[in-house]
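Here is what each chain is made of, one letter per residue.
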Amino acid sequence: MGDVAAQIKVMPQSPEIDLDDLEDRLEESLPKGAKIRGFQRDEVAFGLVALLPTVIVPDDAGGTEAVEEAFADVEGVESIAVENVGRL
């Protein structure tokens, strides 16, 4: 078994959200065995910037569902969408 990499689009609730702080809270929320390899930022519109963390999860973890649920529970997150998934 290997690892799976997923890029997840995290939309903050408003443009006023501190993105550096949100990145820290997302990392802290990760389930056991998952890790973030890095973040990208995507300017959406009107000052709103989405975070695009690349999350690595073990293949036997059952996909990205646990990570998505953890991210959705983070304060300041409006929505979550898996953008890309692949094996390492």
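Now for a description of the structure that goes with this document.

A word on the nonpolar core. Considering soluble globular proteins, one finds that nonpolar side chains tend to be buried as a cluster. Counting 18 residues, the largest nonpolar core has Leu26, Val55, Val67 and Phe71 as its most contacted members. Residue assignment for this core shows that the elements contributing at least two residues are strand E1 (3-12), helix H1 (19-29), strand E3 (48-58) and helix H2 (65-72). Look past the residues within four positions of Leu26 in its chain and what remains in contact with it is Val10, Ile36, Phe39, Leu51, Phe71, Val74 and Val77.

Of all the eleven residues making up E3, nine are buried; the element is thus mostly covered by neighbouring parts of the structure. Of the pairings in the sheet, the one linking E1 to E3 comprises six bridges and is antiparallel in character. If you follow Gln7 over to E3, its bridge partner there is Thr54. Bridging between strand E2 (residues 35-45) and E3 involves nine bridges; their strand directions are antiparallel. Residue pairing across strands places Phe39 opposite Pro53, the latter belonging to E3. Between the antiparallel neighbours E2 and E3 lie two residues, among them Phe46 with a positive phi of about 50 degrees.

Turning our eyes to something else, we now look at the pattern of salt bridges. Summed over the entire model, instances satisfying the criterion amount to five salt bridges. In this structure, Asp59 engages Arg87 in a salt bridge whose closest nitrogen and oxygen atoms are separated by 2.7 Å. With Asp59 in the loop between E3 and H2 and Arg87 in strand E4 (residues 77-87), this pair connects stretches of sequence that are 28 residues apart. Here Asp59 falls in the partly exposed class, since its relative accessible area comes to 22%. A relative accessible area of 62% means that Arg87 is categorised as exposed. Here the salt bridges share partners, and the residues they tie into one network are Asp20, Glu23 and Arg41.

Definitions and cut-offs
Residues numbered from 1 in each chain as written. Predicted model: local features only at pLDDT ≥ 70, side-chain atom pairs only at ≥ 80, totals over all residues. Heavy atoms only, no water. Core = buried A, V, L, I, M, F, W, Y, C linked by side-chain atoms within 4.5 Å. Buried < 20%, exposed > 50% of the residue type's maximum accessible area, 1.4 Å probe, protein only. Helix = DSSP H or I, 4+ residues; strand = E, 2+ residues; numbered from the N terminus. Contact = heavy atoms within 4.5 Å. Pairing = 2+ DSSP bridges. Salt bridge = Lys/Arg side-chain N within 4 Å of Asp/Glu carboxyl O.

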